[in-house]
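Residues per chain, in single letters:
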Amino acid sequence: MAHDGSLGLAHAFIDAIAAAGADAVKFQTHVAAAESTPAEPFRVQFSQQDATRYAYWLRTAFNAEEWRSLAERCGTRGITFLSSPFSLEAVDLLNTLGMPAWKVGSGEIGNTQLLDRVVATRKPVILSSGMSPLAEIDTAVERVRRAGVEVAVMQCTTAYPCPPERVGLNMIPVLRARYGCPVGLSDHSGTMYAGLAAATLGIELLEVHVTMNRAMFGPDVPASVTLDELRQLVEGVRFIERMLASPVEKDALAVEMQPLRDIFTRSVVARTDLPAGTVLREDDLAAKKPGTGIPGPRLPDLVGRRLRRAVTANELLHEDDLEESHAG
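Residues numbered from 1 in each chain as written. Predicted model: local features only at pLDDT ≥ 70, side-chain atom pairs only at ≥ 80, totals over all residues. Heavy atoms only, no water.

Focus: the overall build of the protein
And step 1. Secondary structure assignment for the protein yields 13 helices and 10 strands.
And step 2. Relative to a compact globule of 328 residues, whose C-alpha radius of gyration would be 20 Å, the protein shows 32 Å and is clearly more extended.
And step 3. With respect to the principal axes defined by its C-alpha atoms, the protein has extents near 100 × 45 × 35 Å.
And step 4. Counting over 328 residues, the protein shows a buried share of 44%.
And step 5. Looking at the protein alone, contacts between residues at least 24 apart form 61% of all its contacts between residues at least 6 apart.
And step 6. As displayed, the protein offers around 16,800 Å² of accessible surface, 54% of which is attributable to carbon and sulfur atoms.
And step 7. Positive and negative side-chain charges in the protein, numbering 33 and 41 respectively, have mean positions lying 1 Å apart. (Helix = DSSP H or I, 4+ residues; strand = E, 2+ residues; numbered from the N terminus. Rg over C-alpha atoms; globule rule 2.2 N^0.38 Å. Buried < 20%, exposed > 50% of the residue type's maximum accessible area, 1.4 Å probe, protein only. Contact = heavy atoms within 4.5 Å. Areas by Shrake-Rupley, 256 points an atom, 1.4 Å probe, with all protein chains shown as cover. Lys, Arg positive; Asp, Glu negative; His and termini not counted. Charge placed at Lys NZ, Arg CZ, Asp CG, Glu CD.)

What follows is the structure, encoded as structure tokens:
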């Protein structure tokens, strides 16, 4: 809830995240009376104006028209609008806004009523796994697939911020093999590093928290990247995607690099001025750049060969400078 209930700030986040090059911006839709009770505790007691988390949900909630304005702003900025629902009422509200997919938060994948309401829309479902054992993820994936709906699974550790020891990159290939579906990372580390590392594993989805800057108010700021970091993260992920999509064949690359090889490799040269007829000794020769003559590693093979012509110091040798070898 980085916007802290400010519609203007929420719009500003859309603009800034779109400018950073991200594909989508995701909010959370909380309907206090539908998802919570006044007894719900704060995860972190951060608010100076809300006595309870319930009061916080009430104060920071948007109405249907405000949510529509956010979805429309995303369309104007060319970025996908998403929001995670936390109640059936939130699903029904968001379903009127034309979202292309659903992100189900870590605490909700065991909420079968919510999951069934989401699945009934026939839109793809992205499941977060931050607090779930594999058995609970299994059940949720099967529930979505049984309805014939596409599913993706996000590795996530519900810690704010999440230390590197608990990010769980090892789970990405595990989830991919276990479910045979798109996988991703929902990252709470508050850095670019986890997302970049996950991108090298070929994830299809990456989610991060975003803050305007680290001086902002809110419980998620320590687990968020700044806008400048988001921009760099997007650039880094795009770079990694291009690398992964472009495997290199080393022998073919060496052929392509031949002009550079000519510059950086070495050739056999005369160490001093040598007259025609000289029978070459190792002391007569050296290996120096560029690599456009007899390759430097062949220097030992030239020992005992006779020069057809006189050569000067540092002159590159070529095969036609040498008499035929009669060795062996």
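Here the narrative resumes.
What about the environment of Thr157?
And step 1. For Thr157, the position within the fold is in the loop between β5 (151-156) and α8 (171-179).
And step 2. Residue classification places Thr157 among the buried residues on the basis of a relative accessible area of 14%.
And step 3. Leaving out residues up to four positions away in the same chain, Thr157 has contacts with Gly130, Cys162, Arg166, Val167 and His188.
And step 4. Looking at Thr157, its side chain comes within polar contact range of the main-chain oxygen of Arg166, at 2.6 Å. (Polar contact = N/O pair within 3.5 Å; in protein donor to acceptor, adjacent residues only side chain to side chain.)

Observations regarding a nonpolar patch on the surface
And step 1. Together, Met257, Leu260, Ile263 and Phe264 give the surface a local cluster of nonpolar side chains, amounting to about 380 Å² of exposed area.
And step 2. Inspection of the secondary structure puts Ile263 in helix α12 (residues 258-264). (Patch = residues over 30% accessible without salt bridge, like charges linked within 9 Å, V, L, I, M, F, W, Y side chains within 5 Å. Salt bridge = Lys/Arg side-chain N within 4 Å of Asp/Glu carboxyl O.)

Interpretation note: all reported values are geometric properties and have no functional meaning in isolation.
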